[in-house]
Amino acid sequence: MVTLSVIKADIGGFVGHSNTHPEILEIAKKRLEEAKGNGILIDYYVTRCGDDLQLIMTHNKGIENKEINTLAWNIFLECAEKAKELKLYGAGQDILSTAFSGNLKGMGPGYAEIDFEERKSEPVLIFMADKTEPGAWNLPLFRIFADPFNTAGLVIDPEMHDGFTFEVHDVIEHKKVIFRCPEEMYDLLALIGQPGRYIIKYVRRKSDNEIVAATSTTRLSLIAGKYVGKDDPVMIVRAQKGLPAVGEVLEPFAFPHLVAGWMRGSHQGPFMPCSYEDAHPTRFDGPPRVMCFGFQLSNGKLIGPIDMFKDPAFDRAREQANLIADYMRRHGPFQPHLLGADELEYTTLKEVMNKFKDRFQPLE
Ligand code: F6R
Ligand code: MG
Ligand code: MG
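Residues numbered from 1 in each chain as written. Chains lettered and ligands numbered in written order. Predicted model: local features only at pLDDT ≥ 70, side-chain atom pairs only at ≥ 80, totals over all residues. Heavy atoms only, no water.

Topic: the packing of aromatic side chains
Counting across every chain of the model gives 14 aromatic pairs. Between W137 and F253, the aromatic rings sit 6.4 Å apart at their centres with planes inclined by 70°, giving edge-to-face as the arrangement. Taken as a pair, W137 in the loop between strand 5 (122-130) and helix 3 (138-146) and F253 in the loop between helix 7 (246-250) and strand 11 (258-261) lie far apart in primary sequence, 116 residues in all. Of the two residues examined, W137 and F253, each falls in the buried class. Centre to centre, the rings of W137 and F271 are 5.7 Å apart; their planes meet at 55°, and the pair counts as tilted. Placement of W137 in the loop between strand 5 and helix 3 and of F271 in the loop between strand 12 (267-270) and strand 13 (272-273) is noted, with a sequence separation of 134 residues between them. Look at W137 and you get buried, because its relative accessible area is 0%. (Phe/Tyr/Trp six-rings, centres within 6.5 Å; stacked < 30°, edge-to-face > 60°. Helix = DSSP H or I, 4+ residues; strand = E, 2+ residues; numbered from the N terminus. Buried < 20%, exposed > 50% of the residue type's maximum accessible area, 1.4 Å probe, protein only.)

Take a look at the structure:
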């Protein structure tokens, strides 16, 4: 068994919330190289998406492992110290608690992990987003694993024809529910179309219950009870040979759908697929970005990455995203560019509204 862990945090932005300082990446690389030398990790890759630092790690310790969580946590703390020294913006932003006891749950960082028996050839795709929330993966995950107009394999490949199951988390009530597709597709859609609350955590292949996709479901505002930056989620998807092909996994991102986040985590905007170089949101602190690194695993070694959206075939999605960004921006402070009331609950707008709440008088 190999475990693929992607653990991430915003520990300080450079400049503002747009990017990550190279010294932060260097600290993370150094510490993960040591952990590889000590035999804790099989392999690792360090990267960033906007102002978020991602630790991509392979090991044999299983998911939610104390040693791996502690390794990541200590790296984030050390990086936050450097961020403070450089006075990077929002240094230590995602370190929401100091009471760490080996489990990242409720601590601030996001994580997506999968445990599996490595196949003869194991292509994995790691998606990383900035300026949005984990529900942003709902639409593409549905299309990858349940929509035959996206994934030809659902119709053509006998190994995929039975479909997949989706584990959905209700992040408000802390409950989960599993739906089987295609037969329960409409039930699934009844929930995942509300991505602020219902988030797909895992997708499993029906025939053997193997986990084929995992997302990070951390909602920072729900942990902190106030706005502390967007969650900027990650997602792992395994591909090929009885699973959606790499191209079927990437295809939904040719449509830059609207997601929550962008400026002050308070606006809807297009989810723009882009290369590593362009995962650097500056216009109105956005628009929200998604980048994707592809790896082949070889006995746990990460062979890669390939920058998957660095393909002119996604140029039109980017162009469309920019057109949508223009259109949405023209709404200024009006909905639906501005988020709905329940989402705004966790933003600083509430403080402003509190200032004049006593001035309201009853209507006749
Ligand atoms: C979005 C985000 C930014 C900030 C914005 C204001 O996730 O982090 O858009 O909300 O730059 O930041 P402050 O209030 O720190 O000046
Ligand atoms: Mg930030
Ligand atoms: Mg970010």
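Now, onward.
Some remarks on the coordination of the magnesium ion (ligand 3)
Summarising the metal site, the magnesium ion (ligand 3) is bound by the protein donors D51 (OD), D52 (OD), D130 (OD) and D232 (OD), whose distances to it range over 2.0 to 2.1 Å. Mapped onto the sequence, the donors of the magnesium ion (ligand 3) take the spacing D-D-x77-D-x101-D. The distance between the magnesium ion (ligand 3) and the magnesium ion (ligand 2) comes to 4.2 Å, with D51 serving as a donor to both metals. Here D130 is found in strand 5, whereas its partner D232 is found in the loop between helix 6 (220-224) and strand 10 (234-238), with 102 residues between them in sequence. Note on accessibility: D130 and D232 belong to one class, buried. (Donors = N, O, S within 2.8 Å, 3.2 Å for Na, K, Ca; no water.)

A look at the domain arrangement of the protein
Domain assignment breaks the protein into domain 1 (1-98 + 108-116) and domain 2 (118-341). Listed by partner, the interface residues are 33 residues for domain 1 and 43 residues for domain 2. Buried surface at the junction of domain 1 and domain 2, summed over both partners, amounts to about 3,000 Å²; 66% is from carbon and sulfur atoms. The three residues of domain 1 that bury the most area against domain 2 are C49, I114 and F116, which together make up 20% of that side's buried surface. (Domains from an automatic or database assignment. Contact = heavy atoms within 4.5 Å. Buried area = accessible area lost by both parts, 1.4 Å probe.)

Things to note about the side chain of S266
The topology assignment puts S266 in the loop between strand 11 and strand 12. Residue class for S266 comes out buried when judged on its relative accessible area of 7%. The contacts of S266, once residues within four sequence positions are left out, are G261, H337, L338, L339, L344 and T347.

Topic: the coordination of the magnesium ion (ligand 2)
Distances from the magnesium ion (ligand 2) to its protein donors, D10 (OD), H17 (ND1) and D51 (OD), fall at 2.0 to 2.3 Å. The sequence pattern describing where the donors of the magnesium ion (ligand 2) fall on their chain is D-x6-H-x33-D. Residue H17 is classed as partly exposed on the basis of its relative accessible area, which comes to 26%.

Looking at the site of ligand 1
Neighbouring residues of ligand 1: H17, Y89, K131, Y227, K230, W262, M263, R264, G265 and D285. One of the side-chain N or O atoms of Y89 is found 2.6 Å from an oxygen atom in ligand 1. The backbone of R264 places a nitrogen or oxygen atom 2.9 Å from an oxygen atom of ligand 1. When the free accessible area of ligand 1 is taken as 410 Å², the share hidden by the protein chains comes to 73%. Residue composition of the shell around ligand 1, by class: four nonpolar, two polar and four charged. (Near = heavy atom within 4 Å. Polar contact = N/O pair within 3.5 Å; in protein donor to acceptor, adjacent residues only side chain to side chain. Areas by Shrake-Rupley, 256 points an atom, 1.4 Å probe, with all protein chains shown as cover. Nonpolar A, V, L, I, M, F, W, Y, C, P; charged D, E, K, R; others polar.)

Observations concerning the sheet that holds strand 3 (residues 52-59)
Spatial strand order, 2-3-1-4: four strands in an open sheet with antiparallel pairing. Every other strand in the sheet has two partners, leaving strand 2 (43-49) and strand 4 (110-116) as the edge strands with one partner each. Shown here is a sheet whose adjacent strand axes are inclined to one another by a mean of 10°, direction ignored. Judged from the seven bridges that link them, strand 2 and strand 3 form a sheet pairing that is antiparallel. Bridging across to strand 3, V46 finds its partner in L55. The strands touched by helix 2 (residues 66-85) within the sheet are strand 1 (2-9) and strand 3, with strand 3 carrying the most contacts at an inclination of about 155°. (Pairing = 2+ DSSP bridges. Axes fitted to C-alpha atoms, helices over the stretch in contact; angles between N-to-C directions.)

Thoughts on unusual backbone geometry
Looking along the chain, the bond that leaves C181 and enters P182 is cis, with omega of 15°. Relative to the assigned elements, P182 resides in the loop between strand 7 (175-180) and helix 5 (185-192). At the junction of G304 and P305, the peptide bond is cis and its omega measures out at 10° in the coordinates. Checked against the element boundaries, P305 lands in strand 15 (residues 301-307). Even without glycine at this site, H174 takes up a positive phi of about 55°. Note that H174 resides in the loop between strand 6 (164-170) and strand 7. Although it is not a glycine, W262 adopts a positive phi angle of roughly 50°. Summarising the element assignment, W262 is placed in the loop between strand 11 and strand 12.

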